[in-house]
Amino acid sequence: KKYYDALKSVHDVVKGGVKVSKSIGLVMEISEIYVDNYQRMLSDENYTPEELAAISSGYAMLIDESSDVLQDLKNVVNVTGISDAERLAIIDNAYRSLMNYRNLVRYYTGKTISVSYLRARKKNDMDRVMSLYGTANERYW
């Protein structure tokens, strides 16, 4: 029993470390989605400058929120005085929050691109928009 409990304890710590690493990866993925797609949107004539500013503001809010979660995660990893179980619960919650933000950024991007897609359809300019936002393998929307 002692051996099993010790093994489980090590497993939980490793699991927590893996989720911290994955959480950092999620923030990087969120940033990449923003940078890559927003750069494409800047060259898309289907958006007005005001719309591009609003899109950028929406991305900024999502990135700020995800960065706050990452900062909270950093604080909980370094803080003393809480149990491993509490620490792991906070890490799990942070990971879930970041997954939700990543999914929200993907959704936001897809909906934003769909505006251009619909406008291009009206102008019979679908090929340009489809090529602007990547090949069929690169598109996740």
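Note that this is a predicted model, so its numbers are computed, not measured.

Cut-offs applied
Residues numbered from 1 in each chain as written. Predicted model: local features only at pLDDT ≥ 70, side-chain atom pairs only at ≥ 80, totals over all residues. Heavy atoms only, no water. Helix = DSSP H or I, 4+ residues; strand = E, 2+ residues; numbered from the N terminus. Buried < 20%, exposed > 50% of the residue type's maximum accessible area, 1.4 Å probe, protein only. Contact = heavy atoms within 4.5 Å. Areas by Shrake-Rupley, 256 points an atom, 1.4 Å probe, with all protein chains shown as cover. Patch = residues over 30% accessible without salt bridge, like charges linked within 9 Å, V, L, I, M, F, W, Y side chains within 5 Å. Salt bridge = Lys/Arg side-chain N within 4 Å of Asp/Glu carboxyl O. Lys, Arg positive; Asp, Glu negative; His and termini not counted. Charge placed at Lys NZ, Arg CZ, Asp CG, Glu CD. Polar contact = N/O pair within 3.5 Å; in protein donor to acceptor, adjacent residues only side chain to side chain. Phe/Tyr/Trp six-rings, centres within 6.5 Å; stacked < 30°, edge-to-face > 60°.

Caption draft 1: Just the overall build of the chain, in detail. Of regular secondary structure, the chain possesses 4 helices and 0 strands. Tracing the chain from N to C terminus, the helices and strands come up as α-α-α-α. When burial is assessed residue by residue, the chain has 33% of its 141 residues classed as buried. Relative to all contacts within the chain whose residues are 6 or more apart in sequence, the contacts with residues 24 or more apart total 73%. When the accessible surface of the chain is summed, it comes to about 8,900 Å², and 57% of that surface belongs to carbon and sulfur atoms.

Caption draft 2: Here's a closer look at a negative patch on the surface. A surface patch of negative charge is lined by Asp-64, Glu-65, Asp-68 and Asp-72. The residue Asp-72 is located in helix 2 (residues 49-78) in this model.

Caption draft 3: Just the pattern of salt bridges, in detail. For the structure on display, the rule yields 7 salt bridges. Salt bridges sharing common partners tie together Glu-29, Arg-102 and Arg-106.

Caption draft 4: Summary view of unusual backbone geometry. A positive phi angle, near 60°, is found at Asn-124, a position not held by glycine. Position of Asn-124 relative to the elements: it lies in the loop between helix 3 (84-123) and helix 4 (126-132). For Asn-124, a relative accessible area of 70% translates into the label exposed.

Caption draft 5: The side chain of Asp-44, seen in detail. Within the secondary structure layout, Asp-44 lies in the loop between helix 1 (2-42) and helix 2. On the basis of relative accessibility, which here comes to 2%, the residue Asp-44 falls in the buried class. Among the polar contacts made by the side chain of Asp-44, one reaches the side chain of Arg-128 at a distance of 3.4 Å. Among the polar contacts listed, one links the side chain of Asp-44 to the side chain of Tyr-133, at a separation of 2.7 Å. Setting aside residues no more than four positions away along its own chain, Asp-44 makes contact with Ser-116, Arg-128, Leu-132 and Tyr-133.

Caption draft 6: Spatial organisation of the packing of aromatic side chains. Per the counting criterion, the structure on display carries 3 aromatic pairs. Ring geometry for Tyr-34 and Tyr-38: centres 5.6 Å apart, planes at 25°, overall stacked. Of this pair, Tyr-34 and Tyr-38 both sit in helix 1, 4 residues apart, roughly one helical turn. Summarising the burial analysis for this pair, Tyr-34 and Tyr-38 share the class buried. Both rings, one in Tyr-59 and one in Tyr-108, keep their centres 5.0 Å apart while their planes meet at 90°; by these two values the pair is edge-to-face. On the criterion of sequence distance, the pair formed by Tyr-59 in helix 2 and Tyr-108 in helix 3 is long-range, its members being 49 residues apart. Since its relative accessible area comes to 0%, Tyr-59 is described here as buried.

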